[in-house]
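Chain by chain, the residues:
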Amino acid sequence: MSNVRSSYTDGIRFYGKEDPRELVLRYGSPLYVYNEAILRKCCRDLKGLSDLPGFFVNYSAKANTNPHLLRIIRSESCVADAMSPGELYFNQLAGFSADEITYVCNNVSAEELMNAASQGCVVSVDSLSQLETFGQSVPGGRVMVRFNPGIGAGHSDKVVTGGKKTKFGVDPDKLDDVLRIVRSHGLKFVGVNQHIGSLFMEPGPYVSAVNVLLGMAERLIDHGQPIEIIDFGGGFGMPYHKYEGQSRMDFSALGEALHGTLAAWAESHAYHGRFFIEPGRYAVAECGVVLGTVHAVKNNGPHIFAGTDIGFNVLARPMLYDAFHDVEIYRQDGMPDSEEVEQTIVGNICESGDILAKDRKLPLIRKGDVLAMLDAGAYGWVMASNYNSRMRPAEVLIALDGHARLIRRRETLADLAAALVM
Ligand code: LLP
């Protein structure tokens, strides 16, 4: 079968032995599809940033918590973070043991802190106030503190997490207060962490922030604290503009800078603990696409709209952040249309902001086409909702044998009503 626009996924054999239109027929539309080989490759890229024995990829589960993917990530020797009881539960379902999970939360209740600590996870708190709560709730417990390095980066103000304008982290100037609270509750201060933001393509800000956190760790070691984990956070970007040939982040430059810095620091400080990076997106974005069906096409004045079943309840990123996802168009016996025209791809939700791709130059989309929104594996299904009382989609995994396997069924009307008290 030839498609209208599929050279990217054809080139990497994304669908293995399957055909995307056939997958939609089999499992329904819309549908999340993941590719195991790509997931493993991305985990290995991350792991390859340093071969220090204490270097770990602490996968940030918020990007995708499907336990089938988590299990693959764990089999690639990653550990994982969690920031809610749900993420902790999914990590455990996937087989991560407590010492492989760090609980990196913010603004949570004493009960939630106690729950994570009682299950054996190291908890990271990100304010003096939460440190105090932790000390009262888990006296003598093991704790990490998230510092705000004053450096931020990210694809949207909504996801920059370093710097004074954001709610995250403890100001490094407050170290004396941190130590006072730690001592007053007999806590074991075992680690420091930070996260500057999500999606940067240049290594510079990250490497600068690594040096800031190492400076903090040094001060703590000087204060006699038994630091075991230094976690630099995630945020590594990948190219969303596939059809424009956007370049990848230079991982060899990043690896060189990171590995060199960490190796030298570990040696000069006789540090035998662990170094974490905490990526979510880089690990899972490119292994996932979401497929949907075009149910209507129309013109409103000069504007052409292609109406699909991929509303912002299915993929929220374009609506929330004006995020860009590339589009592929699959049509039975389709011939690539020579001319590209500007079209706006929309969903089936009752809001004008329900736009997936605005004014995109693409071959003319027709009713019945199956579309793929690429790079939807990170912050895709996990941010899907039941808005307009729609059911969240199924997920399938193209395993290493090239065949698809259902890893989450589509929700039903009964699922929508499951928590109601009637
Ligand atoms: N660690 C912490 C403490 C975080 O808050 C985050 C992301 C990560 C690690 C992983 O960051 P990543 O490597 O995935 O960039 N929903 C947004 C992204 C939100 C990121 C929130 N925190 C999006 O769809 O772009």
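Refer to the structure above for everything that follows.
Everything numeric here is computed off the predicted structure, so don't read it as measured data.

Draft legend 1. Here's a closer look at the nonpolar core. Within the largest apolar cluster, 122 residues are counted, with the highest numbers of intra-cluster contacts made by Val33, Tyr206, Ile230, Phe236, Phe275 and Leu291. In terms of residue count, the dominant contributor to this core is helix H9 (residues 204–222) (nine residues). Looking at this core, you find at least three residues from each of domain 1 (7–34 + 286–412) and domain 2 (105–279). If near-sequence neighbours (up to four positions away) are discounted, Val33 is found in contact with Phe14, Tyr15, Leu23, Cys287, Gly288, Val289, Leu291, Val396 and Ile398. Ranked by size, the runner-up nonpolar core spans six residues in total, among them Val122, Met144, Val190 and Phe276.

Draft legend 2. Local environment of the site of the ligand. Around the ligand, 19 residues are found, and the nearest of them are His155, Ser198, Glu278, Arg317 and Tyr379. At 2.6 Å, a side-chain N or O of Glu278 approaches a nitrogen atom of the ligand. For the ligand, whose accessible area on its own is 580 Å², the fraction buried by protein is 92%. In this structure, the ligand is accommodated by the largest pocket. Residue classes in the shell around the ligand are distributed as seven nonpolar, seven polar and five charged. Of the residues that make up the shell around the ligand, three or more belong to each of domain 1 (7–34 + 286–412) and domain 2 (105–279).

Draft legend 3. Structural view of the packing of helix H7 (residues 128–137) against helix H8 (residues 175–184). Where H7 contacts H8, the two axes come as close as 9 Å, and the packing angle between them is 10°. Considered as vectors, H7 and H8 are oriented roughly parallel to each other. Between H7 and H8, the residues in contact are Leu128, Leu131 and Glu132 and Asp177, Val178, Ile181 and Val182, respectively. Grouping the constituent residues of the contact of H7 with H8 by class yields five nonpolar, no polar and two charged.

Draft legend 4. Representation of unusual backbone geometry in the model. Of the consecutive residues Ser29 and Pro30, the connecting peptide bond is found in the cis state with omega at -5°. As for its placement among the helices and strands, Pro30 is situated in the loop between helix H2 (20–27) and strand E1 (31–35). A positive phi angle, near 65°, is found at Ser77, a position not held by glycine. Along the chain, Ser77 turns up in the loop between helix H4 (67–75) and strand E3 (79–82). According to the relative accessible area criterion, Ser77 is partly exposed, its value standing at 44%. Of note in this structure, Asn107 is not a glycine but carries a positive phi near 60°. Positionally, Asn107 belongs in the loop between strand E4 (101–104) and helix H6 (110–118). Since its relative accessible area comes to 56%, Asn107 is described here as exposed.

Draft legend 5. View of the sheet that holds strand E5 (residues 122–125). The parallel closed barrel is built from eight strands, whose spatial order is E2-E3-E4-E5-E6-E7-E8-E9. If you compare each strand with its neighbour and ignore which way they point, the axes differ by 30° on average. One ladder, built from three bridges, connects strand E7 (residues 188–193) with strand E8 (residues 229–231); its direction is parallel. Paired with Val192 across the bridge in E8 is Ile230.

Draft legend 6. Examining empty space enclosed by the protein more closely. Within this structure, the stated rule accounts for one cavity of 30 Å³ or more. Lining the largest cavity we find Tyr8, Thr9, Phe14, Lys242, Glu286, Gly288, Val289, Leu374 and Asp375. Taken together, the elements giving at least two residues each to the lining of the largest cavity come down to helix H1 (7–11) and strand E10 (288–300). A breakdown of the residues in the lining of the largest cavity according to their chemical character gives four nonpolar, two polar and three charged.

Draft legend 7. A look at the packing of aromatic side chains. Under the defined criterion, the tally for this structure stands at 15 aromatic pairs. Ring centres 5.1 Å apart and planes at 75° place the aromatic pair Phe14 and Tyr15 in the edge-to-face group. With relative accessibility at 1%, the residue Phe14 sits in the buried group. Judged by centre distance (6.1 Å) and plane angle (20°), the ring pair of Phe232 and Phe275 falls under stacked. Placement of Phe232 in the loop between E8 and helix H10 (251–268) and of Phe275 in strand E9 (residues 274–277) is noted, with a sequence separation of 43 residues between them. The class of Phe275 is buried, set by a relative accessible area of 2%. By the ring-pair criterion, three or more aromatic residues cluster together here, those being Phe200, Tyr206, Phe236, Phe251 and Tyr282. A cation over a ring is seen here: Arg274 above Phe56, with NZ or CZ 5.6 Å from the ring centre. Positioned above the aromatic ring of Phe324, the side-chain terminus of Arg360 is 3.7 Å from the ring centre.

Rules used in this analysis
- Residues numbered from 1 in each chain as written.
- Predicted model: local features only at pLDDT ≥ 70, side-chain atom pairs only at ≥ 80, totals over all residues.
- Heavy atoms only, no water.
- Core = buried A, V, L, I, M, F, W, Y, C linked by side-chain atoms within 4.5 Å.
- Buried < 20%, exposed > 50% of the residue type's maximum accessible area, 1.4 Å probe, protein only.
- Helix = DSSP H or I, 4+ residues; strand = E, 2+ residues; numbered from the N terminus.
- Domains from an automatic or database assignment.
- Contact = heavy atoms within 4.5 Å.
- Near = heavy atom within 4 Å.
- Polar contact = N/O pair within 3.5 Å; in protein donor to acceptor, adjacent residues only side chain to side chain.
- Areas by Shrake-Rupley, 256 points an atom, 1.4 Å probe, with all protein chains shown as cover.
- 1 Å grid on protein atoms, 1.4 Å probe; cavity = no way out; pocket = protein on both sides within 12 Å on 5 of 7 lines; lining within 4 Å.
- Sits in = over half its atoms within 2 Å of the grid points.
- Nonpolar A, V, L, I, M, F, W, Y, C, P; charged D, E, K, R; others polar.
- Axes fitted to C-alpha atoms, helices over the stretch in contact; angles between N-to-C directions.
- Parallel < 35°, antiparallel > 145°, perpendicular 65-115°, else oblique.
- Pairing = 2+ DSSP bridges.
- Points joined across faces, edges and corners; volume = space filled by probe spheres on them.
- Phe/Tyr/Trp six-rings, centres within 6.5 Å; stacked < 30°, edge-to-face > 60°.
- Lys NZ or Arg CZ within 6 Å of the ring centre and 35° of its normal.

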